[in-house]
Amino acid sequence: MAISRKPASQAPDFSGGLFKRPTTSKGLVSWLTTIDHKRIGILYFLSGIFFFVIGGLEALVIRTQLTRSGLNLISPDLYNQMFTMHGTTMIFLAVMPMSAGFFNYLTPLMIGARDVAFPRLNSFSYWTFFFGAITLNASWFLGGAPDTGWFGYSPLTSTTYSPGLAVDFWVFGLQMLGLASLLAGFNFIVTIINMRAPGMTMFKMPAFVWMTLVVQFLVILAFPAITIALVELMMDRQFGTGFFNPAMGGMPIYWQHLFWVFGHPEVYILILPAMGIVSEVLPTFSRKPLFGYPVVVMSGALIGLMGFAVWSHHMFTTGMGAVANAAFAATTMTIAIPTGVKIFNWIGTLWGGKIRLTTPMLFALGFIFMFTVGGVSGVMHSAAPADAQQQDTYFVVAHFHYVLIGGSIFGLFSGFYYWSPMVTGRMLSEKWGKIVFWVMFWGFNITFFPMHFAGLNGQARRTHSYSQELGLDNLNTLATIGSYILALGVGIFIVHVIRDVISGEKVSEDPWDARTIEWRLPLPTPVYNFDKIPNITHRDQHWFDKHPDLAHSHEHGADGAAHADDDGHSHEDEHGIHLPGQSWYPFVMSFGLFVVVFGGLYSSLLMVIVGFVITFIGCYAWAFEGIGGTHVKPKGQSWYQ
Amino acid sequence: MVSVAHGSGHDEHHDTEHSEHRSTNVDDKKILMWAFLASDCMFFGALIVTYLVYKGRSLVGPYPIDVLDIPLTTVSTFVLLMSSFLMVLALDSIKHNDIPKFRLWTLGVCLFGSIFLGFQVYEFSHFVDVGLTLQQNLFGTTFFTLTGTHGIHVTIGVIWLLSILVTSYVRPMTSKDAVYVEVAGLYWHFVDIVWIVIFTIVYLVEFIGVPA
């Protein structure tokens, strides 16, 4: 490394902390105490992939059980646990953390910042997520997993129908995951609003950063609803209150409203990051700016806003009445408009471009195709009378897997293939990447396309087996075969990525001829990000710097003749760039909460108190531990490595 | 998070001595607090909606009109409102580097907050005495959960402000630290405003049309 590290001698030491802030960059401690947004991003993404595999294995068990009618490979009870944990895992432990990986790694780089606004808070978010994920999955080994569906409808979750701890594990695990998401949401809102490089106005931000911002607003405004719903459920279960207890006048339907007030914005929390990724990948590999950037941005914001006005379309068959059904059908149909607008913008981006069919591009194109299929079936549900037929059938399962796998997962994979050289400094094999794409593409479609027919022909979801008289055996066998092909694709992905990360072709700068400023950096990304914070005069600044003549003609919104100030803003002086020390306390605090949760689960007041004491000590030590850290000096223009 | 770090506690910013380029001229911590308050609106929103959805649906008593004591709660509400006034004075003092006054007013905020909590403890135990518990009926369920959550917010605010007060004795504080007080103040005022809403919806509305 062509950088020199020296301790930050002039940093005042108030030694309020119990430990010194570590500065090691290697080993387990460096990961447990890291506050670097890039490392936290890597941790999020790896956790997401890990749980994606776990959730995938649960899906394979489900599909195997459904291969033929009347099978009994696993018990109905275990089957219920499988689909509950499959849904919960894929949503909260796979797609959300993988998206968080991209938010963490890319947002500061894309806006020209050294880190997020609150790096230790960021670390706290990750570790709280981590312990929440453990809590949720610990139920498998401690008396059985929850079996009430990822939506946990009342009164199924009451102590009458769900005795035992499974639902409590679900409640407490989700509360920790929610806390992690909320804190990350605040952190990224501040980062994006306040830490943009000089000259980067809101409408010069990359589309991905915009979608990140919209998602964070969705998180901080939607998660409170489920947090309160879970608090109320917890009160019902632990203290015998009557929120969802009909015997006391409580209304189980009220749970559904609270849940879906969160649950529908959550759908956009899952898909908007992938939309942001695709909006970066398509322009790069079409060698054109994003078509209609302001429209893409505003559609994203509009989707976020309207996401709060459609929740009851999950409840068309609950007897809300004609007026409510009609109103929510109308809002649901309306939200398809900004979504459709985006699809046209992506096609417009491709139109007339010099298209390069790289692996990220293939995944992005796959995203457009399959997300459109899922979107079309989504509009079909929005008609309340049609939905009455489709509710709780495999048609709905087909729909949301088209938007969540075909949409979110393919978008995230596109982003992974696109940005991984930044993380590792090595290219992923294009040959194997394309094989992964085609295997996953066919596996996915063979699994889920037949489900449209199975559903319309009456196969109910969330049921352990089906009757042979339905005549759906062959469609189900086809779907099961497809699911194994999809799993094979993911398996190839993992093997070839591990191989290429270790021994892939080395690359030291922008391999894709990309457009946004994170690609200005040498690969892999230096620990301090930018040695000089760039000045921004254009959207797609990196492209403009490379091709001032070409870029100018495309960018109507650019500031006329203003040229990028190549010197940028120097944050260096004789001390070099200050990197704050790492910190133990985020981990300590998350661990404290973990102890509290287990104390609550096993009704041990002592454990709860001990957990809160740990959390409190962590909190105050955090506040008083001082800056610490090191100063890093990039030597001239010779970058990291 | 208890934000009572020392003067160089802008440690979340990588470059304390240099530049501090920020896109808006607003401190990071203030934007964070505003974002949190937006989120907290939704938390209280969900709880208040729950209260309203179940209003008048209790199957057995005691009902709100049987137990709520408007004069008593008016006093505690007034005390909480006055604590907001002291909060403004405390922030003004530290902005003018008047640390003794800052300590006095901050202590006053904590005291008034604690008096409010004392009223709430009294109210809760009185309600339990007359048979209103969490498990008694939907009024008990929703009332204790809503006002209890608010009480927890006040408690956190008191602990937070006390921490800042103690910090002012541990190390010198100046007007540069005013932002910590300001952020805590934002939280405190918000919690007060929420109480005004709760007092109106839970207490006052119940007595519309009831002769005094």
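The structure presented is a predicted model; accordingly, all values stated were derived computationally and were not measured.

**Structural notes on the overall build of chain B**
Link 1 in the chain: Along chain B, the regular secondary structure elements total six helices and zero strands.
Link 2 in the chain: When its C-alpha atoms are laid out on the principal axes, chain B stretches across 65 × 35 × 30 Å.
Link 3 in the chain: When each of the 212 residues of chain B is scored for burial, the buried share is 51%.
Link 4 in the chain: Taking as baseline every contact in chain B between residues at least 6 positions apart, the subset at least 24 positions apart corresponds to 81%.
Link 5 in the chain: As displayed, chain B has an accessible area near 9000 Å², and 71% of this comes from carbon and sulfur atoms.

**A word on the environment of Trp346(A)**
Residue and element names in this part refer to chain A.
Link 1 in the chain: On the secondary structure map, Trp346 appears in helix α9 (residues 322-350).
Link 2 in the chain: Separated by 21 residues in sequence, Trp346 and Asn325 place their C-alpha atoms 32 Å apart.
Link 3 in the chain: Non-local contacts of Trp346, meaning those with residues more than four positions away in its chain, are made with Met275, Val278, Ser279, Leu282, Leu290, Phe367 and Ile368.

**What about the interface of chain B and chain A?**
Link 1 in the chain: The interface of chain B with chain A comprises 51 residues on the first partner and 58 residues on the second.
Link 2 in the chain: On inspection of chain B and its partner chain A, the count reaches zero salt bridges.
Link 3 in the chain: Applying the counting rule to chain B against chain A returns 13 residue pairs in polar contact (both at pLDDT 80 or more).
Link 4 in the chain: Elements that contribute at least two residues to the side of chain B that touches chain A include exactly α1 (28-53) and α5 (138-170) of chain B.
Link 5 in the chain: Here the side of chain B that touches chain A gets 15 residues from one element, more than from any other, and that element is α1(B).
Link 6 in the chain: Split by residue class, the side of chain B that touches chain A holds 21 nonpolar, 20 polar and ten charged.

**Topic: helix α6 (residues 178-204) of chain B**
Link 1 in the chain: Look at α6(B): 37 Å from first C-alpha to last across 27 residues, which is about the 39 Å you get at 1.5 Å a residue.
Link 2 in the chain: Most of α6(B) sits inside the fold, with 20 of its 27 residues counted as buried.

**Some remarks on the nonpolar core**
Link 1 in the chain: Counting residues in hydrophobic clusters, the biggest one holds 238 residues, and the most contacted among them are Phe92(A) and Phe367(A).
Link 2 in the chain: Counting the residues that make up this core, at least three belong to each of domain 1 (1-35 + 580-641) and domain 2 (36-530) of chain A.

**Notes on the state of the cysteines**
Link 1 in the chain: Scanning the entire structure with this criterion turns up zero disulfides over all chains.
Link 2 in the chain: Summary of cysteine pairing: Cys619(A) is not part of a disulfide, and the nearest cysteine sulfur, belonging to Cys110(B), is at 16 Å.
Link 3 in the chain: Take Cys619(A): its relative accessible area is 10%, and that puts it in the buried class.

**Notes on the domain arrangement of chain A**
Residues and elements named next belong to chain A.
Link 1 in the chain: Looking at the assigned domains, one finds that chain A contains domain 1 (1-35 + 580-641) and domain 2 (36-530).
Link 2 in the chain: Each of domain 1 and domain 2 has a C-alpha centre, and the two are 30 Å apart.
Link 3 in the chain: Taken together, the 29 residues of domain 1 in the interface contact 33 residues of domain 2.
Link 4 in the chain: Summing the contributions of domain 1 and of domain 2, the shared interface buries around 2900 Å²; its carbon and sulfur component is 72%.
Link 5 in the chain: For the pair domain 1 and domain 2, the number of links is one salt bridge.
Link 6 in the chain: A salt bridge links Glu625 to Arg120, with the shortest nitrogen-to-oxygen separation between them at 2.7 Å.
Link 7 in the chain: The interface formed by domain 1 and domain 2 holds nine residue pairs in polar contact (both at pLDDT 80 or more) in total.
Link 8 in the chain: Sorting the residues of the side of domain 1 that touches domain 2 by element identifies β1 (3-7), α1 (27-32), α17 (585-601) and β5 (630-634) as the ones contributing at least two each.

**Section: the pattern of salt bridges**
Residues and elements named next belong to chain A.
Link 1 in the chain: Applying the stated criterion across every chain yields a total of 18 salt bridges over all chains.
Link 2 in the chain: The partner of Glu430 in a salt bridge is Lys434, and the shortest N-O contact between them spans 3.9 Å. With Glu430 and Lys434 both in helix α13 (residues 430-456), this residue pair falls four residues apart, about one helical turn.
Link 3 in the chain: Judged by relative accessible area, which is 31%, Lys434 ranks as partly exposed.

**Focus on the packing of helix α12 (residues 394-424) of chain A against helix α14 (residues 473-503) of chain A**
Residues and elements named next belong to chain A.
Link 1 in the chain: Where α12 meets α14, the axes come as close as 12 Å, and the angle between the chain directions of the two elements is 10 degrees. By the criterion of interaxial angle, the relationship of α12 to α14 is roughly parallel. Contacts between α12 and α14 involve Ile405, Phe413, Phe416, Tyr417 and Thr424 from the former and Leu486, Phe493, His496, Val497 and Val501 from the latter.
Link 2 in the chain: When the residues that make up the contact of α12 with α14 are grouped by side-chain class, the tally is eight nonpolar, two polar and no charged.

**A closer look at the side chain of Glu206(B)**
Link 1 in the chain: With respect to the helices and strands, Glu206(B) occurs in the segment after α6.
Link 2 in the chain: Apart from the residues lying within four places of it in its own chain, the contact partners of Glu206(B) are Tyr51(B), Lys55(B), Pro64(B), Ile65(B) and Leu68(B).

**A word on unusual backbone geometry**
Link 1 in the chain: Of the consecutive residues Leu523(A) and Pro524(A), the connecting peptide bond is found in the cis state with omega at -15 degrees.
Link 2 in the chain: Relative to the helices and strands, Pro524(A) resides in the loop between α14 and β2 (532-533).
Link 3 in the chain: Residues Gly61(B) and Pro62(B) are joined by a peptide bond in cis, for which omega reads -5 degrees.
Link 4 in the chain: Within the secondary structure layout, Pro62(B) lies in the loop between α1 and α2 (64-67).
Link 5 in the chain: Within the chain, Arg462(A) stands out as a residue other than glycine whose phi angle is a positive 60 degrees.

**Comments concerning the packing of aromatic side chains**
Each aromatic ring pair is summarised here by two numbers: the centre-to-centre distance and the angle between the ring planes.
Link 1 in the chain: The final tally for this structure, using the stated rule, is 83 aromatic pairs over all chains.
Link 2 in the chain: Seen from their ring centres, Phe285(A) and Tyr418(A) are 5.7 Å apart, and the 75 degrees between their planes marks the pair as edge-to-face. Here Phe285(A) is found in helix α7 (residues 252-286), whereas its partner Tyr418(A) is found in helix α12, with 133 residues between them in sequence.
Link 3 in the chain: Here Tyr418(A) falls in the buried class, since its relative accessible area comes to 1%.
Link 4 in the chain: Note that Arg515(A) overlies the ring of Trp543(A), its terminal NZ or CZ placed 4.4 Å from the centroid.
Link 5 in the chain: The ring of Tyr169(B) has Arg103(B) sitting right over it, with the charged end atom 4.0 Å from the ring centre.

What counts as what
- Residues numbered from 1 in each chain as written.
- Chains lettered and ligands numbered in written order.
- Predicted model: local features only at pLDDT ≥ 70, side-chain atom pairs only at ≥ 80, totals over all residues.
- Heavy atoms only, no water.
- Helix = DSSP H or I, 4+ residues; strand = E, 2+ residues; numbered from the N terminus.
- Buried < 20%, exposed > 50% of the residue type's maximum accessible area, 1.4 Å probe, protein only.
- Contact = heavy atoms within 4.5 Å.
- Areas by Shrake-Rupley, 256 points an atom, 1.4 Å probe, with all protein chains shown as cover.
- Salt bridge = Lys/Arg side-chain N within 4 Å of Asp/Glu carboxyl O.
- Polar contact = N/O pair within 3.5 Å; in protein donor to acceptor, adjacent residues only side chain to side chain.
- Nonpolar A, V, L, I, M, F, W, Y, C, P; charged D, E, K, R; others polar.
- Expected span 1.5 Å × (residues − 1).
- Core = buried A, V, L, I, M, F, W, Y, C linked by side-chain atoms within 4.5 Å.
- Domains from an automatic or database assignment.
- Disulfide = S-S within 2.5 Å.
- Buried area = accessible area lost by both parts, 1.4 Å probe.
- Axes fitted to C-alpha atoms, helices over the stretch in contact; angles between N-to-C directions.
- Parallel < 35°, antiparallel > 145°, perpendicular 65-115°, else oblique.
- Phe/Tyr/Trp six-rings, centres within 6.5 Å; stacked < 30°, edge-to-face > 60°.
- Lys NZ or Arg CZ within 6 Å of the ring centre and 35° of its normal.

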